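For reference, the chains in residue letters:
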Amino acid sequence: MKREQRERLDAEFSAFVVGIGPRLIRLAELLTGDPHRAGDIVQSALERAYLHWPRITANADDPAAYVRRIVVNQHRDWWRRSRNRELPTDRAPDRPVPADFAEQQAQRALLHQALAALTRRERAVVVLRYYGDLSEAETAAELGIAPGTVKSTLHRALSKLRARPELADRSGGPAGHDPSDIEVAV
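Computed from a predicted structure; not experimentally measured. (Residues numbered from 1 in each chain as written. Predicted model: local features only at pLDDT ≥ 70, side-chain atom pairs only at ≥ 80, totals over all residues. Heavy atoms only, no water.)

This part is about the overall build of the protein. A tally of helices and strands in the protein yields eight helices and zero strands. Along the protein, from the amino end to the carboxyl end, the secondary structure elements read α-α-α-α-α-α-α-α. Here the protein, with 186 residues, has 25% of them falling under the buried criterion. In the protein, the proportion of contacts linking residues at least 24 apart, taken out of those at least 6 apart, comes to 58%. On the protein, roughly 13000 Å² of surface is accessible, and the fraction owed to carbon and sulfur atoms is 53%. (Helix = DSSP H or I, 4+ residues; strand = E, 2+ residues; numbered from the N terminus. Buried < 20%, exposed > 50% of the residue type's maximum accessible area, 1.4 Å probe, protein only. Contact = heavy atoms within 4.5 Å. Areas by Shrake-Rupley, 256 points an atom, 1.4 Å probe, with all protein chains shown as cover.)

In this section: the confidence of the model for the protein. Of the residues in the protein, 82% reach a pLDDT of 70 or more, and the chain-wide mean stands at 83. A low-confidence stretch, residues 170-181 (pLDDT under 50), is modelled with 17 contacts involving residues beyond four sequence positions or located in other chains. (pLDDT = per-residue confidence, 0-100.)

For Glu142, the position within the fold is in helix α7 (residues 136-143). Overall, Glu142 belongs to the exposed group, its relative accessible area being 56%. Here the alpha-carbon distance between Glu142 and Ala124, two residues 18 residues apart in the chain, equals 9.8 Å.

Turning our attention to the pattern of salt bridges. A side chain of one charge can pair with a side chain of the opposite charge when the charged atoms of the two come close. Within this structure, the stated rule accounts for eight salt bridges. Across the pair Asp10 and Arg6 runs a salt bridge whose closest N-O atoms are separated by 3.6 Å. Of this pair, Asp10 and Arg6 both sit in helix α1 (residues 3-32), four residues apart, which is roughly one turn of that helix. In this structure, Arg8 engages Glu12 in a salt bridge whose closest nitrogen and oxygen atoms are separated by 3.6 Å. Of this pair, Arg8 and Glu12 both sit in helix α1, separated by four residues, roughly a single helical turn. One salt-bridge network, held together by shared partners, links Glu122, Arg156 and Lys160. (Salt bridge = Lys/Arg side-chain N within 4 Å of Asp/Glu carboxyl O.)

Here helix α6 (residues 120-131) spans 15 Å end to end across twelve residues, near enough to the 16 Å set by a 1.5 Å rise per residue. Where α6 is buried, its residues touch α5 (101-116), α7 and α8 (147-162). Positive phi shows up at Asp133, right after α6, with a value of about 55°. (Expected span 1.5 Å × (residues − 1).)

Mapped onto the secondary structure, Ala114 falls in helix α5. Separated by 53 residues in the primary sequence, Ala114 and Leu167 have C-alpha atoms spaced 8.2 Å apart. In contact with Ala114, not counting residues within four places along its chain, are Leu161, Arg164 and Leu167.

So, about α1. One turn of the α-helix equals 3.6 residues, which is why residues spaced by three or four share an orientation. A rise of 1.5 Å per residue sets the reference length of α1, with its 30 residues, at 44 Å; its end C-alpha atoms lie only 38 Å apart and thus fall more than 12% short of the reference. The sharpest bend along α1 measures roughly 50° and falls at Ile20, with the proline Pro22 sitting one to four residues further on. Within α1 the residues assigned to the buried category are Leu9, Phe13, Phe16, Ile20, Gly21, Leu24, Ala28 and Thr32. Backbone geometry just downstream of α1 places Gly33 in the positive-phi region, at approximately 80°. (Bend = angle between axes of the 7 residues up to and from the residue.)

Here it is in structure tokens:
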């Protein structure tokens, strides 16, 4: 393409952008709800339109409608891509820090001490049964022992844990008879 012809097309495209640019940005803002993202989408759409400007002006009855369609397509493409990306938020999605982190760590240390006082088999049964959330049969299969052995070992281990005063529940009394009273924290 000759230099004069390119300069004429550039001037024509610049005039087109000045005339339709604010309407395209408003359209993109309404589509995205974000003025910054709207500017990015319009800029990308205008880049595409500029690359094909001679064809657009030669074949399209209404170049503005053609470029508006590019903006809508750019928004749709952005939306499809953004579903698989992280999006900024006001708060971090991490788990909140407990109100008293030191208390939680102290309870965790007490639990580790209590579990350390059990035999290896008792500790394994308690951890697999309650922390691992395995059934008695699954625990037995995991440890290679009979299901009855799991039951009796669990009974002995829970009796030992209930007898420890430092594992008393929050009401001040000893931990209840429900095995789910024991929260195994690692």
